[in-house]
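# Structural description and commentary
One-letter residues, chain by chain:
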Amino acid sequence: MEASLTARDRVGIQDFVLLDNYTSESAFLDNLRKRSHENLIYTYIGTLLVSVNPYKELDIYSKKQMDTYMGVNFFELPPHIYALADNVFRTMQSEYNNHFILISGESGAGKTEASKKILQFYAVSCPSTKLLNNVRDRLLLSNPVLEAFGNAKTLKNDNSSRFGKYMDIQFDHQGGAVGGHILSYLLEKSRVVHQNHGERNFHIFYQLVEGGEEDLLRWLGLERNCQHYRYLVQVKKNLLTQTIYSCLLQGDCAKVSSINDKSDWKMVRKALSVIEFSESDIENLFAIIASVLHLGNVKFEADVRGYASLNNNQEMHWVLSPFSVDHAVYARDALAKAIYGRTFNWLVNKINESLANKDSSRKTVIGLLDIYGFEVFNVNSFEQFCINYCNEKLQQLFIQLTLKSEQEEYEMEGIEWEPVPYFNNKIICDLVEEKHRGIIALLDEECLRPGEATDLTLLEKMEEEIGGHPHFVTHKLADKKTRKTLERGDFRLLHYAGEVTYCVVGFLDKNNDLLYRNGKEVISFNFYCKKQVVTQFKSSLVGLTEILMSKEPWYVRCIKPNEAKQPGRFDDVLVRHQVKYLGLMEHLRVRRAGFAYRRKYDIFLQRYKPLCPDTWPNWRGTAAEGVQRLIKHLGYKPDEYKMGRTKIFIRHPRTLFATEDAFQICKHRLATRIQAKYKGYRVKGDYLKQREAATKIENCWRGLMARKEREKRAWASLILFLRFIKGFMTRNQPSCNDNSEYLAYVRTNYLTRLRDNLPRTVLEKDAWLTAPPILQEVADTALHNRFNLLEIKYLYLLFCFPCFQLLLKEQTSSMFKGKKENYPFSVCKLTSELTFRLRPLFLSAVTSCVCVSLPQYSVPVVKYDRNGFRPRLRQLIFTQEAAYLVEETKIKQRIDYSSLKGMSVSNLSDNFLILHVTCDDIKQKGDLVLQCDYLFEALTKLCVIANKQNYIKVVQGSVRFDIQPGREGFVDFKSGQESMVYRAKNGHLMVVSESTRTKSR
Ligand SMILES: Nc1ncnc2c1ncn2[C@@H]1O[C@H](COP(=O)(O)OP(=O)(O)OP(=O)(O)O)[C@@H](O)[C@H]1O
Ligand SMILES: [Mg+2]
């Protein structure tokens, strides 16, 4: 950005703000000349565009060029009218406000061309739909129509606008051109009836005569020859003293090399139909134009009484009136002008109807003001007076909006500022429009006052009232030298753009714009204009100023490089004069000293707040504080900005552009985030809906399945119940299919009850529960058998062993999982060998006669002698109070749980366990070294019964144990290729276990 800002074109400097010698008019001119010789016709002064008329077609308005300038920051590319148009458009889009482009410059400087280029750019760059294209075509084609009826060849310009045009282009919120509206200002109607030598009437007359189809011309009674129509080639009468004192051939310029009337006619015909003129509208329109031509050919001759009579004209039937010939000619011309003027207004209204935006939704506008430029001819009349007054007003507006208001704003905002002097043309505006004293007031007064008022009495009045004004001079008031340059009927105004000498002749008539009563009646005009022409014009300019003041201004200043309309000629004096009166030097000085951009704090903050985490999404303090925080975050340097009372002022465009660029990037990021959030929200919504639907389906399905299950169960219960009943009914029969389940139930039920209600001793025969018939036999046997009780216990154990096993599993896991190598292999063992396991228990239960209480668990073990480590097969039995080591039915050692102080196992895959006991007495046996195939089961059971869950120690290497109090022994553990147990040389018991890895292999 910065690089492009300081970059220069091949020739000169593209922005005068960067000119070193910016106060020098010559340097300014040099730059302009250099660039225009290289066909670089555009140069900036900040955002103001200076355009020099090249007077030749340049290849810089192609579609490709338009694309290049679309959406690019203003200073990134060489200056161009498209850059300005694009910048205005994008500012309007982003700030949602209205704008206008004021195109100014003298006649022939290129204002109309510039406005057309802007319109063409919007036509291409704006979004297009079928509807929008319709509006676009109408906007574009309104130009050739209005130019045909409102433009004419003058000495200054072959296509000079003879009316002022302000066009609003209306855009919808997406930037589509949705409509337009045109305001027209004071058409130079006098041109209809006479033109200066070398000038033409309005284009449409020539287009119709030259290009009109044969049928049409025949119908209109026209011939294809402009020379036949006196309004197109006419003798001019100078009416200074109401007598013809000079006869000049005027107009007489039907053919102009730069104008092709035939092709222009076709364009106008096409445009009229696009703008929705009906065929009858078009016919009537051309009939009126033709009638004006015919009217011009009406000749009068004085009859014997001196009254004008029609000179044997077949087509026209004139109302007899006691007019002199001169009066009749005057009335005829007045009528022709009035007809044409009204037709032009009707045309503008028709175009406006067709451009009207039917959609009332929010819209913003860009206004294009292309008004007749300041002009000076050899003889200047009422029309030039109005045109130049209009240019004074626009210059005043420019001064108001740029030089004056800008400097006043700095003052108001408390920004340090050295005032730039400039010429304020208010003094000239006042001279023309001041109430009661201004030229317009005097002119109106003279028109309305009773008595003999003439143009000369007006001149006298002006001399009387404003004679001393520094910008006004007449032949009478002038000094000797000046007097030589003035005619008696002239007055001279010193305009902002230079001196213009006006011939007062015709001022009153033109201002009255009178139609003789009879004329009006003939063509049914029913208007009596209360206001004079110039006053109406003044009011319409006040209205225009109000319209413009409510919008953001942009400027194109057009410069005419030479009077000869020649390409490649740069007349220094002419251009210097324009640079001066257009106020370009002052504008440059204000720009250089001032700030390129300013915005109210709240607007600036609103736009750029996403760029700082402190201000996004909301800033709680004042807008000024927010802006201060924001620019601190953005790293603005102190000389790059100033904080005013209500606005921030940014000195260089590059600072703003860098901020804007950052904003654009950030905007996309934010948009993506918002989009993502929104998408997430949408997807989540969808997901929740789906989940709800899935849950509903699931619930329905489950409900259905549950109902089915319930029905199944109900059915099964019924079947079982029936079987039960059947079993019950056949319970006393021998075991068969019908009663087998019932009998099993009876058996289990009896045994369970028996378990809970066993007699205390076998001798309590009567205390036995009465057995059901199915078990009667067993019960009887039991009663007479010394071991029957144990049989029953055996049966019971058989019955509840699986439950016991499950319980065991969980506890074993918590004690050994991950600690002892062979734990994983032990798990499957727990459920196997049931009968084998229970049998010893049963046998050992025999011992319970000797034991104090009932055995809870029994397991075969190998016991190693404490001395010599000889292995011996033993049974280990756990009762509620103690563990017993039993050989057959003989108790070898009793260990009270209270004296059990620990249990040690190795971390390897051996099956050894050492029970550590407290032994104070030397006669007592010491710790037990055991090997057990059901190690985990036995230890778990022991822990549970003795309630010693935390007493198990899993050790590595070696375990020390007490052989007897005071004597210690050791068991060493290691892993090897195969399992071995032997007494090592050091007297320790060495236990080698096969490693699990070898095992698993
Ligand atoms: N950018 C341009 N490229 C080529 N030729 C141009 C350009 N601008 C102006 N011209 C030429 O200059 C002529 C006069 O331009 P234009 O009609 O725009 O002047 P104007 O300022 O509107 O004058 P007026 O006040 O009389 O209406 C055009 O007809 C065209 O030949
Ligand atoms: Mg023009």
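Residue numbers run consecutively from 1 along every chain, following the written order of its sequence. Written order decides the labels, with chains lettered from A and ligands numbered from 1. Note on the predicted model: pLDDT of at least 70 is required for a residue's local features to be given, and 80 or more for side-chain atom pairs to be given and counted; whole-chain, interface and lining totals, by contrast, use all residues. Here the side-chain values reflect all heavy atoms present in the structure, with hydrogen atoms and water set aside.

Where an unreviewed UniProt entry is consulted, the protein appears under the name Unconventional myosin-Ih-like, with the organism given as Sparus aurata. The Sequence similarities (unreviewed entry) comment attached to the protein in UniProt states, word for word, "Belongs to the TRAFAC class myosin-kinesin ATPase superfamily. Myosin family." Quoted verbatim from the Subcellular location (unreviewed entry) field of the UniProt record, the comment on the protein reads "Cytoplasm, Cell cortex". UniProt positions are given in the numbering used here, feature names are shortened, and annotations may be inferred rather than shown by experiment.

### Considering the overall build of the protein
The number of helices and strands found in the protein is 31 helices and 31 strands. Burial status follows relative accessibility: with a 1.4 Å probe on protein chains alone, a residue under 20% of its type maximum counts as buried, one over 50% as exposed, and anything between as partly exposed. Here the protein, with 1001 residues, has 50% of them falling under the buried criterion. Two residues qualify as a contact provided that any one of their heavy atoms is within 4.5 Å of a heavy atom in the partner residue. Residue pairs in contact within the protein that sit at least 24 positions apart in sequence constitute 63% of those at least 6 positions apart. Numbering of helices and strands runs from the N terminus, with a helix taken as a DSSP run of H or I at least four residues long and a strand as a DSSP run of E at least two residues long.

### What to know about the site of ligand 1
One heavy atom within 4 Å of a molecule or strand is enough for the residue carrying it to be called near that molecule or strand. Surrounding ligand 1, one finds 19 residues, the nearest of these being Ser107, Gly108, Lys111, Thr112 and Ser160. The definition of a polar contact used here is a pair of N or O atoms within 3.5 Å, where within protein one atom must be able to donate a hydrogen and the other to accept one, and adjacent residues in sequence count solely through side-chain atom pairs. For ligand 1, an oxygen atom lies 2.7 Å from a polar atom in the backbone of Gly108. The separation between an oxygen atom of ligand 1 and a polar side-chain atom of Lys111 is 2.7 Å. Using a 1.4 Å probe, the Shrake-Rupley method yields the accessible areas, and only the shown protein chains count as cover for residues. When isolated, ligand 1 has an accessible area of 630 Å², and the protein chains bury 89% of it. If you list the elements that add at least two residues to the shell around ligand 1, you get helix 5 (111-125) and strand 5 (160-161). In terms of residues, the shell around ligand 1 owes the most to one element, helix 5, which gives 3 residues. We call Asp, Glu, Lys and Arg charged. Ala, Val, Leu, Ile, Met, Phe, Trp, Tyr, Cys and Pro are nonpolar, and the rest, Gly among them, are polar. By residue class, the composition of the shell around ligand 1 is 5 nonpolar, 10 polar and 4 charged.

### So, the coordination of the magnesium ion (ligand 2)
Each metal's donors are the N, O and S atoms within 2.8 Å of it, or within 3.2 Å when it is Na, K or Ca, and because water is not part of the set, sites may look incomplete. Protein-derived ligands of the magnesium ion (ligand 2) are Thr112 (OG1) and Ser161 (OG), with the metal-ligand distances lying across 2.0 to 2.1 Å. With Thr112 in helix 5 and Ser161 in strand 5, this pair connects stretches of sequence that are 49 residues apart.

### Overview of the environment of Ser813
Mapped onto the elements of the fold, Ser813 is located in helix 27 (residues 788-816). Along the chain, Ser813 and Pro824 lie 11 residues apart, while their C-alpha atoms are 9.1 Å from each other.

### Topic: the packing of aromatic side chains
Only Phe, Tyr and Trp rings are paired, with Trp represented by its six-membered ring, and only when their centres lie within 6.5 Å; those with planes under 30 degrees apart are stacked, over 60 edge-to-face, the remainder tilted. Scanning the model with the defined rule gives 39 aromatic pairs in all. Taking 5.0 Å as the distance between ring centres and 15° as the angle between the ring planes, the aromatic pair formed by Phe202 and Tyr340 counts as stacked. Taken together, the residues span a long stretch of sequence, with Phe202 in the loop between strand 7 (177-185) and helix 7 (203-211) and Tyr340 in helix 11 (residues 325-355) at a distance of 138 residues. Accessibility expressed as a relative area gives 0% for Phe202, which makes it buried.

### Some thoughts on the pattern of salt bridges
Just to be clear on terms, a salt bridge is a Lys or Arg side-chain nitrogen sitting within 4 Å of an Asp or Glu carboxyl oxygen. A full pass over the atoms with the stated rule returns 48 salt bridges. When the shortest N-O distance is used, the salt bridge between Lys156 and Glu563 registers 3.8 Å. With Lys156 in the loop between strand 4 (151-152) and strand 5 and Glu563 in the loop between strand 16 (552-559) and helix 20 (572-581), the pair connects residues that are 407 residues apart, well separated along the chain. The buried category is assigned to Lys156, whose relative accessible area is 14%. Overall, Glu563 belongs to the partly exposed group, its relative accessible area being 38%. A single salt-bridge network, built from bridges that share partners, covers Arg162, Glu188, Arg191, Glu199 and Glu375.

### Re the UniProt feature "binding site: ATP" (unreviewed entry) in the protein
Under the UniProt annotation, the feature "binding site: ATP" (unreviewed entry) is placed at Gly105, Glu106, Ser107, Gly108, Ala109, Gly110, Lys111 and Thr112. Among the structural elements, Glu106 can be located in the loop between strand 3 (99-104) and helix 5. Along the chain, Gly108 turns up in the loop between strand 3 and helix 5. In this structure Gly108 comes out as buried when scored by relative accessible area, which is 9%. Those residues within four positions of Gly108 in sequence are excluded, and the remaining contacts are Asn53, Tyr55, Lys156, Asn157 and Lys560.

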